[in-house]
Amino acid sequence: ANAVYDHQSGPRGDDKALVQSMAMLMAQRPAGPGKLGLRAMVSLDPAMGKSGYPLLFETGETADGATPLVDRQHPHDFFMELSASYSVPFGSDGAAFAYVGLPGEPALGPAAFMHRFSGMRNPEAPLTHHWLDSTHITFGVATLGASKGPWKLEVSSFNGREPDESRWNIEARKFDSWSTRLSFNPAPAWSMQVSYGNLKSPEQLEPDTRIKRTTASVSYQATTSVGPWQTTFAWGQNHKVTPDESKRLPGWLLESTLVARDKHTVFGRFEQVRNDELFQDGAPLAGATFRIRKLSIGYIYDFVKTGPVAWGVGGLVGLYGAP
């Protein structure tokens, strides 16, 4: 139940996740000329309450369907992924594939923060979540793609609306958004991608807003003498278009994690965003854009293992820069 999947590189058997109240199951088998894959992932995040947990300067989604969340990280839905894929090989190193999910993940952005090794042991969500990988839970997505050697090209059609405040159900809306992603993995240690998505009405409280999201990222995972060490740099920009204005809001992230001797985890993250959602409608500064920076550094000591589960204790310090 602690399996981890990197949507750019496939299953990673050497990744061990911090307990994040989620379970994921995967199955694969030959089917005709190709291979059929099934994935299911659920999370107990909704049990923490509709407003999630406190996280300074974090924004996105809603707790009650009427008030946007500010200074809180929203809980993820119980159903995080229910998907199927089918791939057919061609040539010596090529494949064509199709993917459908309800919910699922469209071809947009790097691997989500809870799936990439550089960020999965940090217990806080990044401020850049809604600049890079917030579409990892989309209620309705279909993707077609092909890979050849180190290259992979994907195109998705999906429902652009982010999950609502009802966290235990499955939602369904018509496909109204699209995205495309080009990935390049020149060696097992490197993973790179650029992507673009056109999201119609992603926030239910702002139905007339369209987000044109551009992202780029690179990850490098080294095998050191003491253990695995992965670093990720990612950049994203939300071009927010409303009937009254057009605004570009960039953000970027640099994060790194080293696991030494299978017991000591050292991690850090530095990020910056330009955010215009820090004040709600009616406040004097509603709609104003602010530059927010954050540096977080942490450590975890895994003191005992029971079967496949490691038990650890640690801490994190976060430093912010804001007007």
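Throughout what follows, the structure given in this document is the object of discussion.

Each value, and the rule that gives it
- Here the residue numbers are simple positions, counted from 1 along each chain's written sequence.
- Local features are withheld for residues below a pLDDT of 70 in this predicted model, meaning they are given only at 70 or higher, and side-chain atom pairs are given and counted only at 80 or more; totals for whole chains, interfaces and linings count all residues.
- Side-chain calculation: all heavy atoms of the structure are included, whereas hydrogens and water are not.
- Numbering of helices and strands starts at the N terminus; helices are DSSP runs of H or I of at least 4 residues and strands are runs of E of at least 2.
- The size measure is the radius of gyration over C-alpha atoms, and the globule rule it meets is 2.2 Å times the number of residues to the 0.38 power.
- The cut-offs for exposure are 20% and 50% of the maximum accessible area for each residue type, with area from a 1.4 Å probe on protein chains only; residues under the lower value are buried, those over the upper are exposed, and the others partly exposed.
- Contact between two residues is taken to exist if any of their heavy atoms lie within 4.5 Å; hydrogens are not considered.
- In short, Shrake-Rupley with a 1.4 Å probe defines the accessible areas, and a residue's cover is counted only from the protein chains shown.
- The charge count treats Lys and Arg as positive and Asp and Glu as negative. His and the chain ends do not count.
- To locate a charge, take atom NZ for lysine, CZ for arginine, CG for aspartate or CD for glutamate.
- Exposure above 30% relative accessible area and no salt bridge define the residues that can form patches, which grow by joining like charges within 9 Å and nonpolar side chains of Val, Leu, Ile, Met, Phe, Trp and Tyr within 5 Å.
- The salt bridge definition used is simple: a Lys or Arg side-chain nitrogen within 4 Å of an Asp or Glu carboxyl oxygen.
- Between rings of Phe, Tyr and Trp, where Trp is taken as its six-membered ring, a pair exists when centres lie within 6.5 Å; planes separated by under 30 degrees are stacked, by over 60 edge-to-face, and by other angles tilted.
- The term polar contact refers here to a pair of N or O atoms within 3.5 Å; inside protein, the definition further demands a hydrogen-donor-capable atom paired with an acceptor-capable atom, and it admits residues adjacent in sequence only when both atoms are side-chain atoms.
- Strands are treated as partners if at least two bridges between them are detected by DSSP.

**With respect to the overall build of the chain**
Next, step 1: Along the backbone of the chain there are one helix and 18 strands.
Next, step 2: Relative to the 2.2 N^0.38 estimate, which gives 20 Å for 323 residues, the radius of gyration of the chain is 19 Å and therefore close to what a compact globule would have.
Next, step 3: Expressed as a percentage of the 323 residues in the chain, the buried residues total 46%.
Next, step 4: Here the contacts in the chain between residues at least 6 apart in sequence split such that 58% fall between residues at least 24 apart.
Next, step 5: By element, 63% of the accessible surface of the chain is carried by carbon and sulfur atoms, the whole surface being about 14800 Å².
Next, step 6: Of note, the chain has its 31 positive side-chain charges centred 6 Å away from the centre of its 32 negative side-chain charges.

**Here's the deal with a nonpolar patch on the surface**
Next, step 1: On the surface, Phe233, Trp235, Leu254, Phe270, Leu295, Ile297, Val317 and Leu319 cluster together into a nonpolar patch covering about 690 Å² of accessible area.
Next, step 2: Going through the elements one at a time, β14 (228-241), β17 (290-306) and β18 (309-321) are the ones with two or more residues in the nonpolar patch.
Next, step 3: Inspection of the secondary structure assignment puts Phe270 in strand β16 (residues 264-275).
Next, step 4: A relative accessible area of 31% places Phe270 in the partly exposed class.

**A closer look at the packing of aromatic side chains**
Next, step 1: In total, this model carries nine aromatic pairs according to the counting rule given.
Next, step 2: Centre to centre, the rings of Phe57 and Tyr320 are 5.5 Å apart; their planes meet at 55°, and the pair counts as tilted. In this pair, Phe57 is assigned in strand β5 (residues 53-62) and Tyr320 in strand β18, connecting sequence segments 263 residues apart.
Next, step 3: On the numbers, 5.5 Å between centres and 50° between planes, the contact of Trp178 with Tyr196 is tilted. Within this pair, whereas Trp178 is found in strand β11 (residues 177-184), its partner Tyr196 is found in strand β12 (residues 190-200), the two being separated by 18 residues in sequence.
Next, step 4: Judged by relative accessible area, Trp178 falls into the partly exposed class, the value being 41%.
Next, step 5: Every member of this aromatic cluster is reached through a ring pair, and the members are Phe78, Phe79 and Trp168.

**Some details on the environment of Ser191**
Next, step 1: When you line up the elements, Ser191 lands in strand β12.
Next, step 2: Within polar-contact distance, the side chain of Ser191 engages the side chain of Asn185 at 2.9 Å.

**As for the pairing of β18**
Next, step 1: Inspection of the sheet shows β17 paired to β18 by 13 bridges, in the antiparallel sense. Residue pairing across strands places Arg293 opposite Gly321, the latter belonging to β18.
Next, step 2: Counted between consecutive antiparallel strands, the loop separating β17 from β18 contains two residues, among which Gly307 sits at a positive phi close to 65°.

**As for the pattern of salt bridges**
Any two side chains of opposite charge can pair, so long as their charged atoms come close to each other.
Next, step 1: Per the stated rule, a full pass over the model turns up 16 salt bridges.
Next, step 2: In this structure, Asp176 engages Arg173 in a salt bridge whose closest nitrogen and oxygen atoms are separated by 3.5 Å.
Next, step 3: Residue Asp176 is classed as buried on the basis of its relative accessible area, which comes to 19%.
Next, step 4: In this structure Arg173 comes out as partly exposed when scored by relative accessible area, which is 34%.
Next, step 5: The network of salt bridges with shared partners includes Lys240, Glu245, Lys247, Asp276 and Glu277.

**Comments concerning the environment of Ala310**
Next, step 1: Locating Ala310 in the fold gives a position in strand β18.
Next, step 2: With 47 residues separating them along the chain, Ala310 and Lys263 place their C-alpha atoms 8.9 Å apart.

**Quick notes on the side chain of Asp276**
Next, step 1: Mapped onto the secondary structure, Asp276 falls in the loop between β16 and β17.
Next, step 2: We classify Asp276 as buried; its relative accessible area is 9%.
Next, step 3: Not counting residues up to four positions away in its chain, the partners in contact with Asp276 are Lys240, Lys247, Leu249, Gly287, Ala288 and Thr289.

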